[in-house]
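Architecture and fold: a report
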Amino acid sequence: MRTPANSPSRQRKASVASFLAPTSGWISNFNVAANMQGDQTAATVLDNWWPTPQNVQIRRGCALYCQLPVTDAVSSLMVYNNGGDVRMFAATSDTIYDITTGSTPEAVVTGMSNGNWNYTQFATTGGVFLVALNGADPMQLFDGEYWWAIDGKDILQLTIGSATSPLQVGDTVTGGTSGATGTVIRVVGANAYVRTINGDIFKSGETVTGAKGGSVTLSADSTTWWSGITVASGNSISTVDTRSFCFVWPYQARLYFIQKESLNMWYLGADAIGGAATVFPMGGVFPSGGSLMIGASWSLDNSGQGGLSEQCVMITDEGECAIYQGYDPNLSTSWSKVGLYRIDKPRGPNAFARNGGDLLIATDTGLIPLSQAINKAFAQLAPAAVSYPIEHDWNAYVQERSTRNWQMAIWPENQMLAVALPHLNGYTDTFLVANTRTAAWARFTGWNASCLCVFQGQMYFGSDSGKIVAAWQTGADMGMPFTSVYVPLFVDCQAPAVAKMPKDCRVMLRGTTTASWSISMQYDYVLNIPAPPDVAITGNEDVWDEGHWDSAVWSAGANQTAQKLWTPVAGMGAAFAPCLQITSGNLVPFDNELIRVEVTFVAGGLLS
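Residues numbered from 1 in each chain as written. Predicted model: local features only at pLDDT ≥ 70, side-chain atom pairs only at ≥ 80, totals over all residues. Heavy atoms only, no water.

1. Describing the overall build of the protein
What the protein contains, in helices and strands, is three helices and 46 strands. Expressed as a percentage of the 608 residues in the protein, the buried residues total 52%. Within the protein, counting contacts between residues at least 6 apart in sequence, those at least 24 apart form 63% of the total. (Helix = DSSP H or I, 4+ residues; strand = E, 2+ residues; numbered from the N terminus. Buried < 20%, exposed > 50% of the residue type's maximum accessible area, 1.4 Å probe, protein only. Contact = heavy atoms within 4.5 Å.)

The following block contains the structure:
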């Protein structure tokens, strides 16, 4: 007897396609139809997930750390770290604020021309200093207590023995015996700090009077007053206007500077933050011209020297890189050029980061390690880029956001490399992030960052309206929900001409909270991601603090549980991929981990 055609024994059996957690991260530089076996650990879309070696996790949100008393955008963040003395500063277009405590920002420098500061910390025998430049105002120096403007005029510390009437900040003062003149810039206790006008020296024991009526007598002890640099103050940098400096970096116990819109590098003496600056013209070094943009020290494993060799690197806005070694550019016996290389145009003066001894530079070609640039031809750099897995999207962002103010930071505590793309109206605010351990990439959306820094183990970014934001906090972005989206690589199950009809999809998560999600199917290599699901409300009663925390939240639900659910799906195509979306918008972060996604499907006939 023949079995009827519609008998269950004649029905097609369902097959299962399994997609493991995408620990290889987001990948976009592949032939979309070549995934014959299905790479189970990579993703076509990986938005607001964080890949680790074991799994991927829903990222945490961000929370307001500090609100400045203005609504200007935050242009720069700077960090000072001298043992137990740690400070964080934020700059707007005209003011630098001390935001160390977060709750009470204090304006410490005012009247500036722009907020695009480049800075470095530099230690000398006289102290530990933060040196900052913006290419428009005099160099700013923080000595651990006060900020000082450094220009071509000395700052003198005058010790007051007695006072008829106090000196006033901003007043012009004159020495009764020496005839020296200067402007009072700060009075602290018995010390008056005066910026000289004509370079004259005040005499100990003389009377100093101000145009506004102040009158004091200096101490008779000549060792209590001085001209030049000490821990408490700063002296001039002669031979060049520091307003023309736009970049600073330390190398071999010296400070080096870039003069804006030029190919001139300047440097100071060893162990100095003032004095005569010497120019090192580099117009003949770079055949493509342009301007210097980035300077840095770089450690290279040099087998010829039997160990690590520190080198000085200068990079132009045309993407040429000159490398020097030695300790004194003024001595040909101790200063020599190692080579000239091309890495492509950097995406801005802050578009680089130090990763161990190497430098990673965000360029038009990709995120290039300097160690690769010296060993490969320019045409071979793209495959050697750290960003090579997302090359297609990197190139699209370069075309889309032409402004060269990309920001980079490495957050060691979270094993995260972050590239913040500049805000562009009409486009999604975007972070490109990579796990520094696994090199797996993902994309964070919704973080509007104009600058980045890592301070006391926490990453912060400056944003618009005077906000400084702490990353990886709570389950929402400044109180707003965000959606994690995962789409694995498409699979055709080794039958590219056969129709597949997915029936059910199972998602398996692991976590301490219960998440709800939506699942849909994508077909034939075309992404058509539906609207995100609503946020699932969870209780906040176990939250330790609703502001900024050191690590995030304290929650009673500390035991992980598995969460898995079958969901019916529909559609048909030659290739398919599930699309998982989870919306997070609570104070308590989900912290859920994706384990796998499985899809049951029935194979049909040949597609025409």
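2. Some words on the pairing of strand E15 (residues 172–175)
Residues Val-173 and Gly-175 line the buried face of E15, whereas the alternating positions Thr-172 and Thr-174 sit on a face that is not buried. Pairing of E15 with strand E16 (residues 181–188), which is carried by three bridges, proceeds in the antiparallel orientation. Looking across to E16, one finds that Val-173 is bridged to Gly-182. Connecting E15 to the antiparallel partner E16 that follows it, the hairpin turn spans five residues, and Gly-179 within it adopts a positive phi of roughly 75°. Here three bridges tie E15 to strand E18 (residues 207–210), and the two strands are oriented antiparallel to one another. Looking at the pairing, Val-173 lines up with Gly-210 of E18. (Pairing = 2+ DSSP bridges.)

3. Things to note about the packing of aromatic side chains
According to the stated counting rule, one finds 30 aromatic pairs in the structure shown. Through a chain of ring-to-ring contacts, the aromatic side chains of Phe-247, Trp-249, Tyr-251, Tyr-256, Tyr-267, Phe-280, Tyr-324, Trp-335 and Phe-352 assemble into a single cluster. Residue placement shows Arg-342 over the ring face of Phe-378; its charged tip is 4.0 Å from the ring centre. (Phe/Tyr/Trp six-rings, centres within 6.5 Å; stacked < 30°, edge-to-face > 60°. Lys NZ or Arg CZ within 6 Å of the ring centre and 35° of its normal.)

4. Some points on the sheet that holds strand E10 (residues 118–124)
If you trace the four strands from one edge of the open sheet to the other, you get E10-E11-E12-E13, paired in antiparallel fashion. Both edges of this open sheet fall to E10 and strand E13 (147–150), since each of them pairs with a single strand only. Each strand of the sheet is rotated relative to its neighbour by a mean of 25°, with strand direction disregarded. In the sheet, strand E12 (residues 139–142) pairs with E13 via four bridges, with the strands oriented antiparallel. In the sheet register, Phe-142 faces E13, and the bridge partner there is Trp-147. (Axes fitted to C-alpha atoms, helices over the stretch in contact; angles between N-to-C directions.)

5. Some remarks on the confidence of the model for the protein
This prediction gives the protein a mean pLDDT of 89; 89% of its residues lie at or above 70. Residue range residues 302–307 is modelled with pLDDT below 50. Its contacts to residues more than four positions away, or to other chains, number six contacts. Across residues 541–549 the pLDDT falls below 50, and counting only partners more than four positions away or on other chains, this stretch makes 21 contacts in the model. (pLDDT = per-residue confidence, 0-100.)

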